[in-house]
Amino acid sequence: MDLSPTQERLLLASLPHVAFDGWGQRALRAAAQDLEIAPELAFNAFPRGAADLLEAFSAWADRATLVELEHQDLAAMKVRDRIALGVRTRLMTVEPHREAVRRAVAALAMPQHAALGLACAARTVDALWYAAGDRATDYNYYTKRLLLAGVYSSTLLVWLNDSSEDYTQSWAFLERRIDNVLKVGGRLGKGLKGLLDLPDRLARRLNPGAAGR
């Protein structure tokens with residue numbers, strides 16, 4: 001989702017109000033008032049209200065995270081360290097708006113926004129893997145994103161309730177989760193590869209002569 005300058009201004013201006021008014025037209029109206037923009041123009045910029053604002057917030061955070069990661073020497077890091085840094089950077093990008101994030105998690109858990117929540121999460125983990133240098137197009141593409149989605153979402157929930165200094169508890173949890181998924185990632189990847197290869201194996205069994213053509 002590419003944001004226009006007006007959309008980005010309205011989004012950022014709405015974030016302080018989301019903490020009190022939630023994601024929707026009340027926060028958007030307050031943002032328009034702060035920016036001295038006609039409410040009608042603000043509503044036209046986000047015609048689906050909360051859904052558009054939530055999607056815009058996720059897209060904005062993804063892009064800001066990638067910009068920040070461009071300043072890091074990722075090439076000198078191991079892949080697991082790149083991923084850990086990516087998750088930490090994504091969370092710290094939205095740290096000034098932590099209450100808005102809490103409200104976003106609750107909103108995206110509602111049935112009417114469930115599909116949007118999955119789509120936003122998918123784009124976030126895809127962006128993090130891309131920043132880490134992953135260009136996989138085979139079964140590993142799905143394996144890596146599935147595993148990272150679990151790491152990111154669970155770390156996000158811990159981070160939202162973390163009162164430790166500099167979020168040390170969250171980062172320790174993140175490291176443990178990454179270690180855990182590395183242990184099961186290989187097995188899961190092999191399982192997915194087996195499923196994806198199944199049609200080819202069945203075809204060879206049904207038509208053995210085709211292999212030599």
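Read on for a plain summary of the structure. Everything numeric in this text was worked out from a predicted model, so none of it was measured. (Residues numbered from 1 in each chain as written. Predicted model: local features only at pLDDT ≥ 70, side-chain atom pairs only at ≥ 80, totals over all residues. Heavy atoms only, no water.)

1. Some remarks on the environment of Arg90
Logical step 1: Its place among the elements puts Arg90 in helix α5 (residues 79–93).
Logical step 2: For Arg90, a relative accessible area of 6% corresponds to the buried category.
Logical step 3: In this structure the C-alpha to C-alpha distance between Arg90 and Asp62, which are 28 residues apart in sequence, comes to 7.0 Å.
Logical step 4: When neighbours within four sequence positions are excluded, Arg90 is seen to be in contact with Ser58, Ala61, Asp62, Thr65, Thr124, Leu128 and Tyr152.
Logical step 5: Engagement of the side chain of Arg90 in a polar contact is seen with the side chain of Asp62, the distance being 2.9 Å. (Helix = DSSP H or I, 4+ residues; strand = E, 2+ residues; numbered from the N terminus. Buried < 20%, exposed > 50% of the residue type's maximum accessible area, 1.4 Å probe, protein only. Contact = heavy atoms within 4.5 Å. Polar contact = N/O pair within 3.5 Å; in protein donor to acceptor, adjacent residues only side chain to side chain.)

2. Some thoughts on helix α7 (residues 114–131)
Logical step 1: Between its first and last C-alpha atoms α7 spans 26 Å; for 18 residues at 1.5 Å apiece the expected length is 26 Å, and the two agree.
Logical step 2: For α7, the full list of buried residues reads Leu116, Gly117, Cys120, Thr124, Val125, Ala127, Leu128 and Trp129.
Logical step 3: Turning to α7, the residues buried within the fold contact α4 (50–69), α5, α6 (98–108) and α8 (139–160).
Logical step 4: Following α7 by one or two positions, Gly133 adopts a phi angle in the positive range, close to 95°. (Expected span 1.5 Å × (residues − 1).)

3. Considerations on the packing of aromatic side chains
Logical step 1: Following the criterion strictly, the structure yields five aromatic pairs and no others.
Logical step 2: With centroids separated by 6.1 Å and ring planes inclined at 10°, the aromatic side chains of Phe57 and Trp60 adopt a geometry described as stacked. Note that Phe57 and Trp60 are positioned in helix α4 at a spacing of three residues, about one turn of the helix. Across the pair, Trp60 and Phe57 agree in class, each one buried.
Logical step 3: Considering the side-chain rings of Tyr141 and Tyr142, the 5.2 Å spacing of their centres and the 75° angle between planes classify their relative orientation as edge-to-face.
Logical step 4: Positioned over the ring face of Trp159 is Arg98, at 5.3 Å from the centre of the ring.
Logical step 5: Just above the ring of Tyr130 sits the side chain of Arg135; from NZ or CZ to the centre is 3.8 Å. (Phe/Tyr/Trp six-rings, centres within 6.5 Å; stacked < 30°, edge-to-face > 60°. Lys NZ or Arg CZ within 6 Å of the ring centre and 35° of its normal.)

4. Here we look at unusual backbone geometry
Logical step 1: Backbone geometry places Glu36, a non-glycine residue, at a positive phi of 55°.
Logical step 2: Looking at the secondary structure, you find Glu36 in the loop between α2 (25–35) and α3 (39–45).
Logical step 3: Of note in the backbone geometry, Asp166 takes a positive phi value of approximately 55° without being a glycine.
Logical step 4: For Asp166, the position within the fold is in the loop between α8 and α9 (168–206).
Logical step 5: For Asp166, a relative accessible area of 58% translates into the label exposed.

5. A closer look at the nonpolar core
Logical step 1: Leu10, Leu11, Trp23 and Trp159 are the most contacted members of the largest nonpolar core, which totals 51 residues.
Logical step 2: Element by element, the count of residues in this core is highest for α4, at eight residues.
Logical step 3: Those residues within four positions of Trp159 in sequence are excluded, and the remaining contacts are Leu91, Met92, Val94, Glu95, Arg98, Val101, Tyr167, Ser170 and Trp171. (Core = buried A, V, L, I, M, F, W, Y, C linked by side-chain atoms within 4.5 Å.)

6. What about the packing of helix α1 (residues 5–21) against α4?
Logical step 1: Interhelical geometry of α1 versus α4 gives an angle of 100° and a closest axis separation of 10 Å. Judged by the inter-axis angle, α1 sits roughly perpendicular to α4. Contact with α1, carried on its side by Glu8, Leu11, Leu12, Ser14 and Leu15, involves Leu53, Ala56, Phe57, Trp60 and Arg63 of α4 and no other residues of that element. (Axes fitted to C-alpha atoms, helices over the stretch in contact; angles between N-to-C directions. Parallel < 35°, antiparallel > 145°, perpendicular 65-115°, else oblique.)

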